[in-house]
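Coordinates in review
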Amino acid sequence: MSHSLLVISRQSPWSGPGAREALDIALAGGTFDLPIALAFLDDGVFQLSAGQQPAAVQQKDLGANLQALPLFGVQALYASQRSLEERGLGDSPLNLEVQRLDDAQLRDLIDRYDQVITL
């Protein structure tokens with residue numbers, strides 16, 4: 001029996017391993033044909049910010065991993081509109097196409113998935 005999985009990424013790309021781990025879980029789930037979605041909340045929306053320079057803070061670029069998500073079957077990508085706005089990204093172009101959701105839509109999204117992992 002196939003279970004659906006929602007991965008919620010809440011950490012910025014430079015605050016530690018959480019952002020990379022969330023992406024790794026989503027990519028791994030996609031390789032097993034698991035119905036999977038990835039949502040960016042809180043500081044996790046910084047992963048979507050265009051024009052990042054991770055080398056300036058001695059971090060690896062997550063951009064290639066983000067762009068690979070659809071190739072691994074992770075088509076359902078979401079971001080919290082409130083988180084984007086609170087961090088000055090509300091109207092900014094993002095480096096990945098995501099569906100922007102308000103708080104009520106996020107609650108509904110979480111309820112639709114069998115398993116939810118938050119990093």
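Note: the structure precedes this text.
A brief look at the structure comes next. (Residues numbered from 1 in each chain as written. Predicted model: local features only at pLDDT ≥ 70, side-chain atom pairs only at ≥ 80, totals over all residues. Heavy atoms only, no water.)

**What to know about the pattern of salt bridges**
Throughout the structure, instances matching the rule amount to five salt bridges. Residue E86 pairs with R82 through a salt bridge whose shortest N-O separation is 3.4 Å. Note that E86 and R82 are positioned in helix α3 (residues 81–86) at a spacing of four residues, about one turn of the helix. In this structure, E86 and R87 form a salt bridge, with 3.3 Å as the shortest nitrogen-oxygen distance. Members of the salt-bridge network, linked through shared partners, are D43, R82, E86, R87 and D103. (Salt bridge = Lys/Arg side-chain N within 4 Å of Asp/Glu carboxyl O. Helix = DSSP H or I, 4+ residues; strand = E, 2+ residues; numbered from the N terminus.)

**Thoughts on the sheet that holds strand β3 (residues 76–80)**
Here five strands make up an open sheet; going across it, the order is β4-β3-β2-β1-β5 and the pairing parallel. The open sheet is flanked by β4 (99–101) and β5 (115–118), the only strands paired with a single partner. Across this sheet, the average inter-strand angle for adjacent strands is 25°, counted without regard to direction. Where helix α4 (residues 103–112) meets the sheet, its contacts fall on β1 (5–9), β2 (36–40), β3, β4 and β5, and the angle it forms with β4 comes to roughly 110°. (Pairing = 2+ DSSP bridges. Axes fitted to C-alpha atoms, helices over the stretch in contact; angles between N-to-C directions. Contact = heavy atoms within 4.5 Å.)

**A short note on the nonpolar core**
In terms of nonpolar packing, the biggest core is built from 24 residues, with L38, F40, L69, L96 and V98 touching the most fellow members. The set of elements that each furnish at least two residues to this core consists of β1, α1 (18–31), β2, α2 (63–68) and β3. What L69 contacts, discounting residues up to four positions off in sequence, is L23, A26, L27, L38, V74, L77 and L96. Ranked by size, the runner-up nonpolar core spans 11 residues in total, among them L6, A37, A76 and L109. (Core = buried A, V, L, I, M, F, W, Y, C linked by side-chain atoms within 4.5 Å. Buried < 20%, exposed > 50% of the residue type's maximum accessible area, 1.4 Å probe, protein only.)

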